[in-house]
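Structure assessment
If you want the building blocks of each chain, they are given just below.
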Amino acid sequence: MRILILNGPNLNLLGKREPDIYGHETLDDIERELRGHAGDGVRLDFLQTNHEGEMLERIHRAREDADAIIINPAAWSHTSVALLDALKAFEGRVVEVHLSNIHTREAFRHHSYISARAEAVVAGMGSFGYRAALEFLTR
């Protein structure tokens, strides 16, 4: 199984930016954790970008090289119809992850365009949400 793990804008600052909301772990920590829990026959590929076009291009390529996507779209959750459309063109499974519980934060964060395409949504579990998504996809 090939799983693409996508992280959107500002997630390169994990561990430094608002740790009271997003925690102290970095994306490198999360990647290491997930690689340690991926079973035999599971290939993980990672991308973090602050550029929406780069994210869209990677989702388009995933049509050829991934069976599933775990995506933390960050702020694009609430703004990007383009990201939703790209995910709709991807025929594999999609799980949306948010470190914080977006439903207890500012009102504009309560709606995610991406949720319309996601098979499952994990929110408010911190970095464990990525592991929960991985386990969900590999069971």
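The structure this text deals with has already been given above.
Residues numbered from 1 in each chain as written. Predicted model: local features only at pLDDT ≥ 70, side-chain atom pairs only at ≥ 80, totals over all residues. Heavy atoms only, no water.

Glancing now at the overall build of the chain. Helices and strands together make up the secondary structure of the chain, namely five helices and five strands. Each helix (α) and strand (β) of the chain, taken in turn from the N terminus, gives the series β-α-α-β-α-β-α-β-β-α. For 139 residues, the compact-globule formula gives about 14 Å, and the C-alpha radius of gyration of the chain, at 14 Å, lands near that figure. Judged by the C-alpha coordinates and their principal axes, the chain covers about 35 × 30 × 25 Å. Long-range contacts, defined as pairs at least 24 residues apart, comprise 76% of the intrachain contacts of the chain with a sequence gap of at least 6. Averaging the coordinates of the 16 positive side-chain charges in the chain and doing the same for the 21 negative ones gives two points 1 Å apart. (Helix = DSSP H or I, 4+ residues; strand = E, 2+ residues; numbered from the N terminus. Rg over C-alpha atoms; globule rule 2.2 N^0.38 Å. Contact = heavy atoms within 4.5 Å. Lys, Arg positive; Asp, Glu negative; His and termini not counted. Charge placed at Lys NZ, Arg CZ, Asp CG, Glu CD.)

A complete count under the given rule lists nine salt bridges for this structure. The shortest N-O distance in the salt bridge between D65 and R58 comes to 3.2 Å. Judged by its relative accessible area of 24%, D65 is partly exposed. Within the structure, one salt-bridge network assembled from shared partners comprises E33, R131, E135 and R139. (Salt bridge = Lys/Arg side-chain N within 4 Å of Asp/Glu carboxyl O. Buried < 20%, exposed > 50% of the residue type's maximum accessible area, 1.4 Å probe, protein only.)

Read these as spatial facts, not as claims about activity.
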